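# Coordinate inspection notes
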Amino acid sequence: MVIKKNINLLQADLFPEKPLLTLGKVVACWLGLLLLMAIWTIVTDLNYKEATIKYNVLKKDLQQKQRQGSQLETRLANRQVTPELKQKLSTLKLVMQHKDALLNKLTDSNETFAGGFVMIMNNLSKMHHKDIRLQKISINSKAMTFSGLALNPQAVPAWLAGFKQSSLLSGKEFLNFKLNQSENNLTEFVVSSAEKEGKK
């Protein structure tokens, strides 16, 4: 008869369960998010450069038309107006009005966000905070909203304080501010802005 000298008291159900969310997975998610942000920034920067080229061409064309308009007005002042010359001047003024309106559209961030969005993204990348991970950005003519994760609640106000250094973001007041603690001890935040009264 064989007598057991060892008894195994460590049962399988006593082993701790492996966590679903590990440090490696979190780091991989962050790296993936950073890669997407980099690609997004590059694409929007290319769009901004293309819009800048079009803007410069339109600006030169407008300046040329303005010079032609001034010359025609001088000629009109020095001689009798002919119907053909008067029609040409009216057409030129109309073209100038359309080009001027188009230039205003290209430069007004309340009307188009092609250039303004790229500049905001560049500003955000310069104000990167090591404890902040942006997940969603929403921008329109009246407000902008940022949402994401923070490693600690104090990181969000510190990150927002850096907006004072930005020429585009310093004119915004972040009136709506929301913080939540997630299950994995990360801080979920949502901040949205409204323009100051009287500021355009």
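First, a word on scope: everything that follows refers to the structure included in this document. Within any chain, residue numbers begin from 1 and follow the written order of that chain's sequence. In view of the model being predicted, local features appear only for residues whose pLDDT reaches at least 70, and side-chain atom pairs are presented and counted only at 80 or more, with totals across whole chains, interfaces and linings using the full set of residues. Side-chain measures here rest on the full set of heavy atoms in the structure, leaving out hydrogens and waters.

## Quick notes on the overall build of the protein
Only DSSP runs of H or I with at least four residues qualify as helices, and only runs of E with at least two residues qualify as strands; both kinds are numbered from the N terminus onward. Looking only at helices and strands, one finds four helices and four strands in the protein. Shown N-terminal to C-terminal, the secondary structure of the protein runs as helices and strands in the order α-α-α-β-β-α-β-β. Each residue is placed in one exposure class: buried if its accessible area under a 1.4 Å probe, protein chains only, is under 20% of its type's maximum, exposed if it is over 50%, and partly exposed if it falls in between. For the protein, the residues scored as buried account for 26% of the 200 residues in total. If you take every contact in the protein between residues at least 6 apart in sequence, the share linking residues at least 24 apart comes to 57%. Surface accessibility follows the Shrake-Rupley procedure with a 1.4 Å probe radius. Residue values consider only the protein chains on display as shielding. Total accessible area on the protein stands at roughly 15,000 Å², and carbon and sulfur atoms take up 57% of it. In what follows, residue pairs with any heavy atoms lying within 4.5 Å of each other are defined as contacts.

## Description of the nonpolar core
Leu 124, Phe 146, Trp 159 and Phe 163 are the most contacted members of the largest nonpolar core, which has 19 residues in total. Put simply, the parts of the chain that give this core at least two residues each are helix H3 (114-126), strand S1 (132-139), strand S2 (144-150), helix H4 (155-161) and strand S4 (187-195). Among all residues touching Phe 146, those that are not within four sequence positions of it are Leu 124, Leu 134, Lys 136, Ile 137, Trp 159, Phe 163, Phe 174, Phe 189, Val 190 and Val 191. Leu 62, Leu 76, Leu 89 and Leu 92 belong to the second largest nonpolar core, which has seven residues in total. Residues belong to one nonpolar core when they are buried, are Ala, Val, Leu, Ile, Met, Phe, Trp, Tyr or Cys, and are joined through side-chain atoms within 4.5 Å.

## Concerning the environment of Phe 146
Tracing the sequence through the fold places Phe 146 in strand S2. Along the sequence, Phe 146 and Val 191 sit 45 residues apart, while their C-alpha atoms lie 5.4 Å from each other.

## Re the packing of aromatic side chains
For Phe, Tyr and Trp, where Trp contributes only its six-membered ring, two rings pair if their centres lie within 6.5 Å, and the inter-plane angle classes them as stacked under 30 degrees, edge-to-face over 60, or tilted in between. The final tally for this structure, using the stated rule, is four aromatic pairs. Between Phe 146 and Trp 159, the aromatic rings sit 5.9 Å apart at their centres with planes inclined by 80°, giving edge-to-face as the arrangement. Of this pair, Phe 146 sits in strand S2 while Trp 159 sits in helix H4, and the two are 13 residues apart along the sequence. Of the residues examined, Trp 159 reaches a relative accessible area of 4% and is grouped as buried. Pairwise contacts between aromatic rings join Phe 146, Trp 159, Phe 163 and Phe 189 into one cluster. For a ring to carry a charge above it, either NZ of a lysine or CZ of an arginine must fall within 6 Å of the ring centroid while also lying within 35 degrees of the normal to the ring plane. When the ring centre of Trp 30 is taken as reference, the NZ or CZ atom of Arg 133 above it lies at 4.3 Å.

## Considering the pattern of salt bridges
Any carboxyl oxygen of Asp or Glu within 4 Å of a side-chain nitrogen of Lys or Arg constitutes a salt bridge here. One pass over the full model with this rule turns up four salt bridges. Note that Asp 131 is salt-bridged to Lys 130, the shortest N-O span being 3.5 Å. Residue Asp 131 is classed as buried on the basis of its relative accessible area of 13%.

## Focus: helix H1 (residues 23-78)
In this analysis, the expected span of each helix is defined as 1.5 Å times one less than the number of residues it contains. The first and last C-alpha atoms of H1 sit 81 Å apart over 56 residues, in line with the 82 Å expected at 1.5 Å per residue. Here H1 has its buried residues at Val 26, Trp 30, Thr 41, Thr 44, Leu 58, Leu 62, Gly 69, Leu 72 and Leu 76.

## Quick word on unusual backbone geometry
Phi at Asn 185 is positive, roughly 65°, even though this residue is not glycine. Position of Asn 185 among the secondary structure elements: in the loop between strand S3 (172-181) and S4.

## What to know about the side chain of Ser 192
Looking at the element boundaries, Ser 192 is found in strand S4. Among the polar contacts made by the side chain of Ser 192, one reaches the side chain of Asn 176 at a distance of 2.9 Å. Once you skip the residues sitting within four places of it in the chain, Ser 192 turns out to touch Met 144, Thr 145, Glu 173, Phe 174, Leu 175 and Asn 176. Pairing of N or O atoms within 3.5 Å defines a polar contact, subject to two protein rules: one partner must be a possible hydrogen donor and the other a possible acceptor, and residues neighboring in sequence count only if both atoms are side-chain atoms.

## Side note on the side chain of Ser 182
Its place among the elements puts Ser 182 in the loop between S3 and S4. Judged by its relative accessible area of 13%, Ser 182 is buried. In terms of polar contacts, Ser 182 uses its side chain to reach the side chain of Asn 184, at 2.5 Å.

## Concerning the environment of Val 191
Within the fold, Val 191 resides in strand S4. Counting along the chain gives 17 residues from Val 191 to Phe 174, while the straight-line C-alpha distance between them is 6.3 Å.

Functional significance is not addressed by these values, which are geometric in nature.
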